[in-house]
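A look at the structure
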Amino acid sequence: MRVTEDRWIEAQAAEHEAWNGFVGNASEFAWATYGKMDVIQWARGVVPGLEALPGPMAEIGIGPFGVGCIHFLRTSETVKLFGIEPLPRMRPHAFPLPYAALFAQCEVNYQQLAEPGESTSLPASSCSLVACYNVLDHCRDADAILREARRILKPAGWFLVACDVVSLAGSIRHRLWCGHRYREEIIVRAHPLRFWQAELENLVARHFRVIAIKNRQGWLDRIFGHSRLVAMIAEKE
């Protein structure tokens, strides 16, 4: 699934607006960070020893603050971390003092690359884990991101992905009403792609062996439910 260049540029502009809103809003940032920590906790329960991987680890679409799932996974500062993010770096301001320690720790043995997730400069078969949290419905080419994640992963490396999925009813409502009524809102402009549960599962399964799925929709939710964040842990075969 991919979108036109113009739609991608529009989505990136909306993303920049959204992150500017985070710059002075510690509560919103904390909520987003909690989601990453929750997915990591789940993944560690599914794959014993995941936190002990030797690295390097990479995160596609880590965000302008440079705080990602990979920071909450590693247990040693010797593990090299890479963040992939096309938007320019941002620094929050007026956050409570404890956040300073968080941001400082996240910079240890970490490098942020200003590159698109579809094509990075990382070497092939170089990472033990690649994360991609809340990115696929914001990107230009979701399948290309999955191909790139597979390319940079070592054999038997791990891929951790989380993405919002929508129901059939939600998709129809968006197409007939919300997508037009709220066309200028960030929530619409920043999401050029939308996935059903089956579409997301099939997309990941084309490139990896799926091990477990968190927060999977039941059949009724797939028809009538609200959107939800679904996480998957998968292995490169």
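Notes on the structure follow. A quick note: this is a predicted structure, and the numbers were derived from the prediction, not measured.

The next thing to look at is the side chain of Gln217. With respect to the secondary-structure elements, Gln217 resides in the loop between strand E6 (209–214) and helix H8 (219–224). Look past the residues within four positions of Gln217 in its chain and what remains in contact with it is Val165, Val166, Ser167, Gln197, Arg222, His226 and Arg228.

Take the pairing of strand E5 (residues 153–165) next. Pairing between strand E4 (residues 127–133) and E5: six bridges, direction parallel. From the neighbouring strand, Tyr133 faces E5, where its bridge partner is Ala162. Considered for its hand, the β-α-β crossover made up of E4, helix H4 (residues 142–152) and E5 is right-handed. Sheet topology note: the E5/strand E7 (residues 228–235) ladder contains eight bridges and is antiparallel. Considered in E7, the bridge of Cys163 is made with Val230.

Roughly 410 Å³ of internal volume is contained in the second largest pocket. Forming the walls of the second largest pocket are 20 residues, and the residues nearest its centre are Ser171, His174, Arg175, Pro192 and Arg194. With eight residues, helix H5 (residues 168–181) is the single largest residue contributor to the lining of the second largest pocket. Of the residues in the lining of the second largest pocket, the class split is 10 nonpolar, five polar and five charged.

Another aspect to go through is the packing of aromatic side chains. All told, the structure shown has 13 aromatic pairs when counted by the stated rule. Between Phe29 and Phe65, the aromatic rings sit 5.3 Å apart at their centres with planes inclined by 50°, giving tilted as the arrangement. Remark: Phe65 occurs in the loop between strand E1 (57–60) and strand E2 (81–84) and Phe29 occurs in helix H2 (residues 26–46); sequence separation between them is 36 residues. The pair formed by Phe29 and Phe65 is uniform in burial state, with each residue classed as buried. Measuring from ring centre to ring centre gives 4.6 Å for Phe159 and Phe208, while their planes differ by 15°; the resulting arrangement is stacked. Of this pair, Phe159 sits in strand E5 while Phe208 sits in the loop between helix H7 (197–205) and E6, placing them 49 residues apart in sequence. Classification of Phe159 as buried rests on a relative accessible area of 0%. Three or more aromatic residues link up through ring pairs in this structure, and these residues are Trp19, Phe22, Phe29, Phe65, Phe95, Tyr99 and Phe103.

Below, the discussion takes up the environment of Ala162. Its place among the elements puts Ala162 in strand E5. What Ala162 contacts, discounting residues up to four positions off in sequence, is Val39, Cys132, Tyr133, Asn134, Val135, Leu229, Val230 and Ala231.

So, about the sheet that holds E5. With mixed pairing, the seven strands of this open sheet are ordered in space as E3-E2-E1-E4-E5-E7-E6. On the outer flanks of this sheet lie strand E3 (110–113) and E6, each paired with one strand and no other. Going from strand to strand, the sheet's axes swing by 15° on average, the running direction of each strand aside. Sitting on the sheet, H7 is in contact with E5, E6 and E7, with an inclination near 20° to E7.

Let us now look at helix H1 (residues 5–23). Taking 1.5 Å of rise per residue, 19 residues should cover 27 Å, and H1 covers 27 Å from first to last C-alpha, within 8% of that figure. Taken together, the buried positions of H1 are occupied by Arg7, Trp8, Ala11, Gln12, Ala14, Glu15, Trp19, Phe22 and Val23. Where the residues of H1 are buried, they touch H2 and helix H6 (186–189).

A word on the packing of H2 against helix H3 (residues 98–106). Between H2 and H3, the shortest axis-to-axis distance is 13 Å and the interhelical angle comes to 45°. Here H2 is positioned oblique relative to H3, judged by the angle of their axes. Here H2 and H3 pass one another in a crossing that is left-handed. Packed against H2, whose contacting residues are Ala26, Phe29 and Ala30, the element H3 presents Tyr99, Leu102 and Phe103 at the interface. Broken down by class, the residue content of the contact of H2 with H3 amounts to six nonpolar, no polar and no charged.

With that settled, consider the environment of Gly63. Along the chain, the position of Gly63 falls in the loop between E1 and E2. Placed 21 residues apart in sequence, Gly63 and Ile84 show a C-alpha to C-alpha distance of 8.1 Å. Other than its neighbours up to four places away in sequence, Gly63 contacts Trp19, Glu85 and Gln112.

Quick notes on the rules
- Residues numbered from 1 in each chain as written.
- Predicted model: local features only at pLDDT ≥ 70, side-chain atom pairs only at ≥ 80, totals over all residues.
- Heavy atoms only, no water.
- Helix = DSSP H or I, 4+ residues; strand = E, 2+ residues; numbered from the N terminus.
- Contact = heavy atoms within 4.5 Å.
- Pairing = 2+ DSSP bridges.
- Right-handed = clockwise from strand over helix to strand, strands pointing away.
- 1 Å grid on protein atoms, 1.4 Å probe; cavity = no way out; pocket = protein on both sides within 12 Å on 5 of 7 lines; lining within 4 Å.
- Points joined across faces, edges and corners; volume = space filled by probe spheres on them.
- Nonpolar A, V, L, I, M, F, W, Y, C, P; charged D, E, K, R; others polar.
- Phe/Tyr/Trp six-rings, centres within 6.5 Å; stacked < 30°, edge-to-face > 60°.
- Buried < 20%, exposed > 50% of the residue type's maximum accessible area, 1.4 Å probe, protein only.
- Axes fitted to C-alpha atoms, helices over the stretch in contact; angles between N-to-C directions.
- Expected span 1.5 Å × (residues − 1).
- Parallel < 35°, antiparallel > 145°, perpendicular 65-115°, else oblique.
- Left-handed = near helix turned anticlockwise from the far one by under 90°.

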